[in-house]
Structures are given as C-alpha cells and as structure tokens.
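One-letter residues, chain by chain:
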Amino acid sequence: MEFSDAEVERYARHLVLREVGGPGQQRLKAAHVLIVGAGGLGAPASLYLAAAGVGQITLVDPDEADLSNLQRQVIYRPSDIGTAKVEAAAAELSALNPHVKVNPVRLALDSANAGPLIAGADLVLDGTDDFATRFAVNASCVAHGKPLVSGAIGRWTGQVGVFKGQPCYQCLVPAIPPDAETCAAVGVIGALAGVIGSMMALEAIKVITGAGEALEGRLLIYDGLAAETRTVRIGADPECSVCGDHVLTRIKASTSRRYIVHD
C-alpha cells in the first residue's frame with residue numbers, strides 16, 4: 001500500500017515513530033473501524049482516528065444533534081442542530097482528512113442488526129450510554145472475533161477497556177445495573193469526554209498498529225476531580241453467557257476463528 005506525497009507529509013510525525021513507522025501507518029490506512037455512538041466519546045475518538053489516517057470509519061448513531069450536545073460533543077456546531085449526527089460528523093471527518101472513507105449509518109444498533117456491521121469491521125469502538133446497546137455490541141464482537149474498545153463517562157469519572165474474546169465486556173458488567181446513571185440525569189464535565197474519547201482512539205491505534213501494550217483485559221479508570229488514574233485487571237468469567245468457555249468452544253467449532261484467551 002503506497003502513500004501519496006501529501007499523505008507522507010500529513011503522517012510524518014507517525015512515520016518517524018519507531019512503534020508506528022511505515023508498516024504501522026499502512027495498517028492504519030488498511031483498517032476499517034466501526035464507532036458505535038457519535039456522541040461525547042465517539043466525537044473526539046472519530047476525529048483523532050480520522051486524523052491518524054484510519055482508512056475507513058463507519059459511524060452508527062440514531063440521533064440528531066441538539067443544543068445540549070455542544071458542551072462536550074466537539075465535532076458538532078450550532079448549525080448542525082437538527083441534523084443527523086452521523087451525517088454532520090461524517091462531513092466534519094471528511095473535511096479533516098479527505099483520505100479517509102466515512103460511512104454514516106443512522107441506526108439504533110441492537111442485537112438484531114449488529115452482526116453485519118461488526119462483521120465488516122476490523123475494530124469496534126463503543127461509546128454509547130445504553131447498556132442494552134453495549135451488550136449487543138459486545139456479544140457480536142465476541143461472535144465475530146473483533147476487538148472492542150469500550151469507554152464510559154459520568155460526572156467526573158471515566159473508564160476505558162479493551163476486550164478481545166475472553167474476558168469480554170459482560171464479564172465486567174454481567175447485567176444491567178439497577179441504579180444505572182446517564183449523563184442526562186447526573187451530568188458530566190465536558191472535557192472528560194475529550195480525555196476518555198482520546199484514550200479510546202489511542203487504544204484503537206495501538207491495537208491496529210501493534211504498538212506498545214493495549215489495555216486488553218484491563219480497565220483504566222480516570223478520576224477527573226482527583227486527577228488520578230488506576231488500572232485494574234478484568235477477570236474472565238468461565239460461566240459468562242457471552243464468552244464463557246462453553247460459548248467460545250461452540251463458536252470456534254462453527255467458525256474456526258482463533259480467540260486470545262486470558263487467565
């Protein structure tokens with residue numbers, strides 16, 4: 001895969017990085033990333049992935065931009081209010097980097113329609129605030145053997161994790177919490193979306209290029225009020241209904257895909 005002179009100049013700071021270089025940038029250009037949720041996390045994540053030269057980005061979100069989004073969803077402008085988020089975001093990403101193909105999909109992703117979208121991607125980012133959607137994305141990623149970068153924010157705290165095979169997101173959250181909070185209900189500091197969304201993009205770039213050590217099987221938790229971070233290891237649940245040993249055995253038998261398994 002060759003780069004034009006303009007691309008060489010655009011990605012020059014990547015090309016001189018030992019951990020990325022030409023081979024890593026080629027992997028980015030060849031990659032197809034699916035971003036579920038074009039909101040507070042999807043906005044900064046998509047901007048940085050487009051700027052990094054990811055070859056194809058598919059954005060999935062059912063909503064229109066509204067005034068309350070502008071406090072943290074930095075990809076939108078007042079003129080975008082009332083416009084489908086995926087359409088407005090796609091226009092912004094294409095303007096930022098014309099070398100990136102952007103596919104806007106206005107859709108509420110669920111267990112019935114997640115499969116084809118996730119099967120066609122190399123990597124999935126989930127920044128939604130709905131647990132049913134998160135579970136559907138996670139289950140489909142496990143079924144299709146796709147790595148998942150998951151992020152969440154609320155109030156002053158955010159978290160990022162990378163899941164591939166086992167453990168999966170549902171090992172971390174086995175069921176929808178009865179006291180689950182939303183940003184609309186409890187609030188969120190706007191800049192936190194930029195911090196966590198950027199971390200999600202960084203983890204995606206590491207997974208695609210093979211640089212460093214991704215947060216695979218781990219969860220990074222950021223406390224914005226205390227300016228502290230901590231990382232915890234996620235234990236695999238052998239009885240998990242999504243990635244448990246009996247489920248992965250069945251999936252392997254039917255698809256012959258390989259899965260990375262963590263103790």
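Model, not experiment: these values are computed from the prediction.

The eight strands lie next to each other as E3-E2-E1-E4-E5-E6-E7-E8, forming an open sheet whose pairing is mixed. Two strands in the sheet have a free side with no partner beyond their single neighbour: strand E3 (101-105) and strand E8 (228-233). Neighbour to neighbour, the strand axes of the sheet diverge by 15° on average, direction disregarded. The pairing of strand E4 (residues 123-126) with strand E5 (residues 148-154) spans three bridges and is parallel. Across the sheet, residue Leu125 finds its bridge partner in E5, namely Val149. Docked against the sheet, helix H5 (residues 85-96) engages strand E2 (56-60) and E3, running at close to 175° with respect to E3.

Here strand E7 (residues 218-223) lies mainly inside the structure; five of its six residues are buried. Direction of pairing for strand E6 (residues 157-163) relative to E7: antiparallel, over a ladder of five bridges. Its bridge partner being in E7, Gln159 is matched across the sheet by Ile221. Summarising the sheet, E7 and E8 pair through six bridges and their orientation is antiparallel. By the bridge assignment for E8, Leu220 is matched with Thr231. Where E7 hands over to E8, the hairpin turn is made up of four residues, of which Ala227 adopts a positive phi near 55°.

A few words on the packing of aromatic side chains. By the definition in use, this model includes four aromatic pairs. Ring geometry for Phe135 versus Tyr169: centroids 6.2 Å apart, planes at 55°, classification tilted. You can see Phe135 sitting in helix H7 (residues 131-144) and its partner Tyr169 sitting in helix H8 (residues 169-172), a full 34 residues away along the chain. No difference in accessibility class separates Phe135 from Tyr169, as the two residues are buried.

The method is simple in principle: a probe with the dimensions of a water molecule rolls over the atoms, and the space it marks as empty is what remains. Empty space within the largest pocket amounts to approximately 1,100 Å³. Residue lining of the largest pocket: 46 residues in total, with Thr128, Asp129, Asp130, Ile153 and Cys183 positioned closest to the centre. At the level of elements, H7, E5, E6 and helix H9 (183-186) are the ones that each hand at least two residues to the lining of the largest pocket. If one sorts the elements of the lining of the largest pocket by residue count, E5 sits on top with four residues. Among the residues making up the lining of the largest pocket, the classes are represented as 19 nonpolar, 15 polar and 12 charged. What the second largest pocket holds in volume is close to 160 Å³. Forming the walls of the second largest pocket are His14, Leu17, Val20, Tyr48, Ala52, Ser198, Ala201, Leu202, Ile205, Lys206 and Ala211. Of all the elements in the fold, those that place two or more residues in the lining of the second largest pocket are helix H4 (42-52) and helix H10 (190-209). A total of five residues in the lining of the second largest pocket trace back to one element, the largest contributor, which is H10.

This paragraph deals with empty space enclosed by the protein. Throughout the structure, instances matching the rule amount to one cavity of 30 Å³ or more. In this model, the largest cavity occupies a volume close to 40 Å³. Surrounding the largest cavity, Asn138, Cys141, Val142, Lys146, Leu148, Phe163, Lys164, Gly165 and Cys168 form its lining. With three residues, H7 is the largest single contributor of residues to the lining of the largest cavity.

This part is about a nonpolar patch on the surface. Side chains of Trp156, Ile189 and Leu225 sit close together on the surface and give an oily, nonpolar patch of about 300 Å² of accessible area. With respect to the element layout, Leu225 can be found in the loop between E7 and E8. Given a relative accessible area of 60%, Leu225 falls into the exposed group.

Turning to the packing of H4 against H10, a few remarks are in order. At a closest axis distance of 7 Å, the pairing of H4 and H10 adopts a crossing angle of 40°. On the basis of the axis angle, H4 is oblique to H10. The handedness of the crossing between H4 and H10 is right-handed. Touching Pro44, Ala45, Tyr48, Leu49 and Ala52 of H4 are Ala193, Gly194, Gly197, Ser198, Ala201, Ala204 and Ile205, all from H10.

Turning our eyes to something else, we now look at the environment of Gln71. Topologically, Gln71 is positioned in the loop between E2 and H5. By relative accessible area, Gln71 is classed as partly exposed at 44%. Each residue touching Gln71, except ones within four places of it in the same chain, is listed here: Val188, Ile189 and Gly190. Within polar-contact distance, the side chain of Gln71 engages the backbone oxygen of Val188 at 2.8 Å.

Rules behind the numbers
Residues numbered from 1 in each chain as written. Predicted model: local features only at pLDDT ≥ 70, side-chain atom pairs only at ≥ 80, totals over all residues. Heavy atoms only, no water. Pairing = 2+ DSSP bridges. Helix = DSSP H or I, 4+ residues; strand = E, 2+ residues; numbered from the N terminus. Axes fitted to C-alpha atoms, helices over the stretch in contact; angles between N-to-C directions. Contact = heavy atoms within 4.5 Å. Buried < 20%, exposed > 50% of the residue type's maximum accessible area, 1.4 Å probe, protein only. Phe/Tyr/Trp six-rings, centres within 6.5 Å; stacked < 30°, edge-to-face > 60°. 1 Å grid on protein atoms, 1.4 Å probe; cavity = no way out; pocket = protein on both sides within 12 Å on 5 of 7 lines; lining within 4 Å. Points joined across faces, edges and corners; volume = space filled by probe spheres on them. Nonpolar A, V, L, I, M, F, W, Y, C, P; charged D, E, K, R; others polar. Patch = residues over 30% accessible without salt bridge, like charges linked within 9 Å, V, L, I, M, F, W, Y side chains within 5 Å. Areas by Shrake-Rupley, 256 points an atom, 1.4 Å probe, with all protein chains shown as cover. Salt bridge = Lys/Arg side-chain N within 4 Å of Asp/Glu carboxyl O. Parallel < 35°, antiparallel > 145°, perpendicular 65-115°, else oblique. Left-handed = near helix turned anticlockwise from the far one by under 90°. Polar contact = N/O pair within 3.5 Å; in protein donor to acceptor, adjacent residues only side chain to side chain.

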